[in-house]
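What follows is the residue order along each chain.
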Amino acid sequence: MSADSARRTVRILTWVGLATGVAGGLLVAFPTVLPVGGPWVQLALGIATLVLAFRARKIGIAEIEGFDGRLSLFAALLGFLVVFFAGQVAFGILVAVANP
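Values in this document were obtained by computation on a predicted structure and should not be read as measured data.

K.L.:
How should the nonpolar core be read in this particular structure?
P.N.:
Taken as a class, soluble globular proteins show a tendency for nonpolar side chains to be buried jointly. If you look at the biggest cluster of nonpolar residues, it comprises seven residues: Ala6, Val10, Leu13, Leu52, Ala56, Ile59 and Ile64. When residues of this core are traced back to their parent elements, those giving at least two are α1 (3–29) and α2 (38–63).

Structure representation (structure tokens):
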């Protein structure tokens, strides 16, 4: 992969990862916006954020000389936060279903 192609790929993956992380964070902050399946959508957005951010970091570190991955690292941290808070709610739902 050429350096220009790698830069474009990293940029796209990072910004899409940030967008999914922000969407997941907004759903965590305002859970009533999506009443049905909310925690599962939040978990999916958090996992997508993690996958995109770490994929961007992998390509950036391997293909770009002097790669500065602070933005993709921020996306990964945002993904971890979304997964953490959405996971707590999803786990509570699973426990409530298992113990009627």
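K.L.:
Explanation requested: the packing of α1 against helix α3 (residues 70–98) in the structure shown.
P.N.:
Angle between the axes and distance between the axes are the two parameters that describe a pair of packed helices. In contact at an axis separation of 9 Å, α1 and α3 are set at 30° when each is read in the N-to-C sense. When the axes of α1 and α3 are compared, the pair comes out roughly parallel. Here α1 and α3 pass one another in a crossing that is left-handed. Each of Thr14, Trp15, Gly17, Leu18, Gly21, Val22, Gly24, Gly25 and Val28 in α1 lies in contact with α3, whose residues at this interface are Leu71, Ser72, Phe74, Ala75, Leu78, Val82 and Phe85. For the contact of α1 with α3, a count of residues per class yields 10 nonpolar, six polar and no charged.

K.L.:
What is the right way to read the packing of α2 against α3 from this model?
P.N.:
The N-to-C vectors of α2 and α3 enclose an angle of 155°; their axes lie 8 Å apart at closest approach. Considering their axes alone, α2 and α3 lie roughly antiparallel with respect to each other. Crossing of α2 against α3: the hand is left-handed. By residue class, the composition of the contact of α2 with α3 is 19 nonpolar, six polar and one charged.

Each value, and the rule that gives it
Residues numbered from 1 in each chain as written. Predicted model: local features only at pLDDT ≥ 70, side-chain atom pairs only at ≥ 80, totals over all residues. Heavy atoms only, no water. Core = buried A, V, L, I, M, F, W, Y, C linked by side-chain atoms within 4.5 Å. Buried < 20%, exposed > 50% of the residue type's maximum accessible area, 1.4 Å probe, protein only. Helix = DSSP H or I, 4+ residues; strand = E, 2+ residues; numbered from the N terminus. Axes fitted to C-alpha atoms, helices over the stretch in contact; angles between N-to-C directions. Parallel < 35°, antiparallel > 145°, perpendicular 65-115°, else oblique. Left-handed = near helix turned anticlockwise from the far one by under 90°. Contact = heavy atoms within 4.5 Å. Nonpolar A, V, L, I, M, F, W, Y, C, P; charged D, E, K, R; others polar.

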